[in-house]
Amino acid sequence: MTTSSGDPRRPSARRPRTALVVGGGVAGLTAARDLASAGLRVTLVEASDHFGGAVGAHEVAGLVLDSGAESFATRSTAVPELMAELGLSGRMVTPHPAGSWIFLPEGAVPAPRSGVLGIPADPTAPELRVPLGRTGVSRARLDRALPGRVGAGERTVGGLVRARMGQRVVDRLVAPFVSGVYSTHPDQLDVDAVAPGLRARMRELGSLGAAAGALREASPAGANVAGIDGGMNLLSERLVRDAERLGVKLVTRYDVIALDRDPRRPGWMVIQRQPTNGDKTAVARGELLVMAADGPTSVRLMGSHMTDAQNYTPRSGPRIALATLVLDCPALDDAPRGTGVLVSDDVRDVRAKALTHSSAKWDWVAREAGEHRHVVRLSYGRMTPKGAGPSPEVTLEDRHLISLALGDASALLGVPIAPEQLVGADVVRWHAALPRTDAGHTARVTGFRRALTEIPDAVAVGAWLSGTGLAAVVTDTRQQVRSLLARHGYDVTGT
């Protein structure tokens, strides 16, 4: 194939030999590894001082624990396949089947075990009588009688559930789940971004409950999530190690301020913000580009190379604070709230939006912690219905947030926990770690990727494009890289 040498958008006749990856989270590391496996010389630049993004580790009271993501969805084989390639298959584990609870103003109740996003597959199930009450159950049952078109035009999770099952299901079941998992409000969450196919199945099956049940049943048998013995942080660690083995040049503390075409050779170049430690500004290059930064950064850097890129800028993700407590507390040995608690927004005396009883959820954490010692992790950063911002707890100093977390843990677990039972604690703060999948997010992603097709030597990956969760991120990243390689003459049939 011959092309005009003056058009930098057109691929050259020679196969590219180098690639540049911007962003060192799981998406960027996976992309760099796959590109290097295909034979390219790869440079990966990361703005922070570590790789892995939200899949990392921290040490608390001598225990190495996950500082961010602690599990992955088993609805696809993408993560298990990647784990197998990295030699981690033997460490895949499933959580304890005790189940979770919902904390309502009147107390804690077991969470429904069927459906998705807190949407019950069977609104008449006996366990829903307590959280919904007689009136709430009666309204939810109308879902089965309403025509399939009712609510089909709703763009948010809250709007869809409200139209089909009523406000009480939104407030008492869906909101605690959505706030705990996505750090947003149901009325701000794009339904197509977090539950693709839900509305289509609803029209097909005639009810939202049936559609939620069908999506749940589509997951592989067993638990809907899995983890790694030793923590999900091992995935990032192995990805880094394997990338180094394949010759990937990994660069940290590389804050990209500009992305441009390289005037001296085919491909791309990024320019680093002037370092503060006296080092010279470095320029990184690659003929192929994988943009694996967060959404706002990706759109900003790609803006001058795409048509109407500013129209696709996603909103910045929420601010979240995770307080991990290691406790000497024999009273928690029986896991009084199962694997954790999701908190209703109507609760006023607890500020956490969720609690994970890690040592009850994961056998490996219990093993490492030892007898009568427990690990709990509380999440802060509730969002308002209008998306005005997170609750002020995320701005507290670490010591104050840890003190608040102790009190919240006592209330949520139903067990008095004294300050002297605290063995160790740590606070991890995330900003923009999760994409803000508000109404219209799916349309913005579709538009961005359509515009990106104008640039044959570049792709963009990450949770803001693929959807939240490692399963979605890994699947999409590998598909995008395979497509990029195929466009430039690489045989990807065995990749």
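From a predicted model like this one, the values you see are computed outputs, not experimental measurements.

> Is there a simple way to think about the sheet that holds strand β20 (residues 458–460) in this case?
Hydrogen bonds along the backbone pair up the strands of a sheet, which may run parallel or antiparallel. The parallel open sheet is built from five strands, whose spatial order is β10-β2-β1-β14-β20. Since the sheet does not close on itself, it has two edges, and those belong to β10 (249–251) and β20, each with one partner. With strand direction ignored, the average angle separating the axes of adjacent strands in the sheet is 15°. Here three bridges tie strand β14 (residues 288–291) to β20, and the two strands are oriented parallel to one another. The residue bridging L289 from the neighbouring strand is A458, located in β20. Lying on the sheet, helix α16 (residues 470–487) is in contact with β14 and β20; it crosses β20 at an angle near 175°.

> So what exactly am I meant to see when it comes to the packing of aromatic side chains here?
Within a pair of aromatic rings, the relevant descriptors are the distance that separates the centres and the angle that separates the planes. One pass over the full model with this rule turns up one aromatic pair. For the pair F448 and W464, a centre-to-centre distance of 5.0 Å together with 65° between the ring planes defines the contact as edge-to-face. With F448 in helix α14 (residues 441–452) and W464 in helix α15 (residues 463–466), the pair connects residues that are 16 residues apart, well separated along the chain. The cationic tip of R261 hangs over the ring face of W268; the distance from NZ or CZ to the ring centre is 3.9 Å.

> Explain unusual backbone geometry here, please?
What you tend to see is this: most non-glycine residues have negative phi, and most peptide bonds are trans. A positive phi angle, close to 55°, is found at A61, a residue other than glycine. Within the secondary structure, A61 is located in the loop between β3 (57–60) and β4 (63–66). With a phi angle near 65°, H372 is a residue other than glycine that sits in the positive phi range. Considering the arrangement of structural elements, one finds H372 in the loop between α12 (363–369) and β18 (373–380). Relative accessible area serves as the criterion here: at 35%, H372 is assigned to the partly exposed category.

> Explanation requested: helix α8 (residues 208–217) in the structure shown.
One turn of the α-helix equals 3.6 residues, which is why residues spaced by three or four share an orientation. Every buried residue of α8 is listed here: L208, G209, A211, A212, G213 and A214. For α8, the N-terminal capping position is held by S207, with its side-chain oxygen 3.0 Å away from the main-chain nitrogen of A210.

> It is not clear to me how the pairing of strand β2 (residues 41–45) should be interpreted in this structure. Could you clarify?
Strand residues, when the strand is regular, have side chains that alternate between the two faces of the sheet. Most of β2 is tucked away: four of the five residues are buried. With five bridges connecting them, strand β1 (residues 18–22) and β2 associate as parallel partners. In the sheet register, V22 faces β2, and the bridge partner there is V45. On the question of chirality, the crossover connecting β1 to the parallel β2 by way of helix α1 (residues 26–37) is right-handed. Bridge count for β2 against β10 is three bridges, and the pairing is parallel. Paired with V45 across the strands is V251, a residue of β10.

> What's the story with the domain arrangement of the chain in this structure? I'm lost.
A common way to report how large an interface is uses the accessible area buried once the components associate. Taken domain by domain, the chain holds domain 1 (18–54 + 232–315 + 436–488), domain 2 (71–75 + 88–111 + 221–230 + 318–431) and domain 3 (114–218). Spacing between the C-alpha centres of domain 1 and domain 3 amounts to 35 Å.

> Looking at this model, I keep getting lost on the sheet that holds strand β9 (residues 225–228). Mind explaining?
With antiparallel pairing, the three strands of this open sheet are ordered in space as β5-β9-β6. Two strands in the sheet have a free side with no partner beyond their single neighbour: β5 (72–73) and β6 (92–93). Bridge count for β6 against β9 is two bridges, and the pairing is antiparallel. Of the residues in β9, the one forming a bridge with V93 is G227.

> Sorry if this is basic, but what is going on with a nonpolar patch on the surface here?
A contiguous nonpolar patch, built from I257, I271 and V283 and spanning about 200 Å² of accessible area, is present on the exposed surface. With respect to the helices and strands, the residue I271 is situated in strand β12 (residues 268–272).

> Would you mind going over the pattern of salt bridges with me for this structure?
Once their charged atoms are close, side chains differing in charge can pair, the charge on each being opposite to the other. Enumeration according to the criterion identifies 25 salt bridges in this entry. Between D34 and R33 there is a salt bridge whose closest N-O contact spans 3.7 Å. Both residues of the pair, D34 and R33, count as buried. For E85, the salt bridge is made with R33, and the minimal N-O distance between the two is 2.9 Å. Taken together, the positions of E85 in helix α2 (residues 78–85) and R33 in helix α1 put the pair 52 residues apart, joining distant regions of the chain. In this structure, a network of salt bridges that share partners links the residues R33, D34, E85, D242, R245 and R478.

> What should I look at first to understand the nonpolar core in this one?
Among soluble globular proteins, nonpolar side chains are generally buried collectively. V21, L35, V42, L235, V290 and L470 are the most contacted members of the largest nonpolar core, which totals 45 residues. With residues up to four places along the chain from it excluded, the contact list for V290 reads L20, V21, V22, A31, L35, V459, V461 and L484. Counting residues in hydrophobic clusters, the runner-up holds 32 residues, among them L117, V161, M165 and A211.

> What am I meant to see in the environment of Y182 here?
Relative to the helices and strands, Y182 is located in helix α5 (residues 167–182). For the pair Y182 and P318, spaced 136 residues apart in the sequence, the C-alpha separation amounts to 9.0 Å.

> Looking at this structure, how should I read the confidence of the model for the chain?
If pLDDT is low for a region, its predicted coordinates should not be looked at in detail. Looking at the chain, pLDDT values average 88 and 90% of them are 70 or higher. Segment residues 1–11: pLDDT under 50, and 16 contacts once partners within four positions in sequence are set aside and those in other chains are kept.

> Would you explain helix α13 (residues 398–413) in this entry?
Across its 16 residues, α13 extends 22 Å between first and last C-alpha, which sits within 8% of the 22 Å expected from 1.5 Å per residue. Turning to α13, its buried residues are L401, I402, A405, L406, D408, A409, S410, L412 and L413. Along its buried surface, α13 packs onto β7 (101–104), β15 (319–328), β16 (340–343), β17 (354–357), β18 and β19 (422–431). Once α13 ends, the next one or two residues include G414, with phi positive near 70°.

> Where do I start with the environment of R201 in this structure?
Relative to the assigned elements, R201 resides in helix α7 (residues 198–205). On the accessibility criterion, R201 (28% relative accessible area) is partly exposed. Spatially, the C-alpha atom of R201 lies 8.4 Å from that of L215, the residues being 14 residues apart in sequence. Apart from residues lying up to four places away in sequence, R201 is in contact with G206, A211, A214 and L215.

> Honestly, the side chain of H374 in this entry has me stumped. Any pointers?
Within the secondary structure, H374 sits in strand β18. You can call H374 buried: its relative accessible area is 7%. One polar contact links H374 to H357, side chain to side chain, over a distance of 3.1 Å. With residues near it in sequence (within four places) discarded, H374 still touches L325, V326, L327, C329, L332, D333, H357 and S359.

Reading the values: the criteria
Residues numbered from 1 in each chain as written. Predicted model: local features only at pLDDT ≥ 70, side-chain atom pairs only at ≥ 80, totals over all residues. Heavy atoms only, no water. Pairing = 2+ DSSP bridges. Helix = DSSP H or I, 4+ residues; strand = E, 2+ residues; numbered from the N terminus. Axes fitted to C-alpha atoms, helices over the stretch in contact; angles between N-to-C directions. Contact = heavy atoms within 4.5 Å. Phe/Tyr/Trp six-rings, centres within 6.5 Å; stacked < 30°, edge-to-face > 60°. Lys NZ or Arg CZ within 6 Å of the ring centre and 35° of its normal. Buried < 20%, exposed > 50% of the residue type's maximum accessible area, 1.4 Å probe, protein only. Polar contact = N/O pair within 3.5 Å; in protein donor to acceptor, adjacent residues only side chain to side chain. Right-handed = clockwise from strand over helix to strand, strands pointing away. Domains from an automatic or database assignment. Patch = residues over 30% accessible without salt bridge, like charges linked within 9 Å, V, L, I, M, F, W, Y side chains within 5 Å. Areas by Shrake-Rupley, 256 points an atom, 1.4 Å probe, with all protein chains shown as cover. Salt bridge = Lys/Arg side-chain N within 4 Å of Asp/Glu carboxyl O. Core = buried A, V, L, I, M, F, W, Y, C linked by side-chain atoms within 4.5 Å. pLDDT = per-residue confidence, 0-100. Expected span 1.5 Å × (residues − 1).

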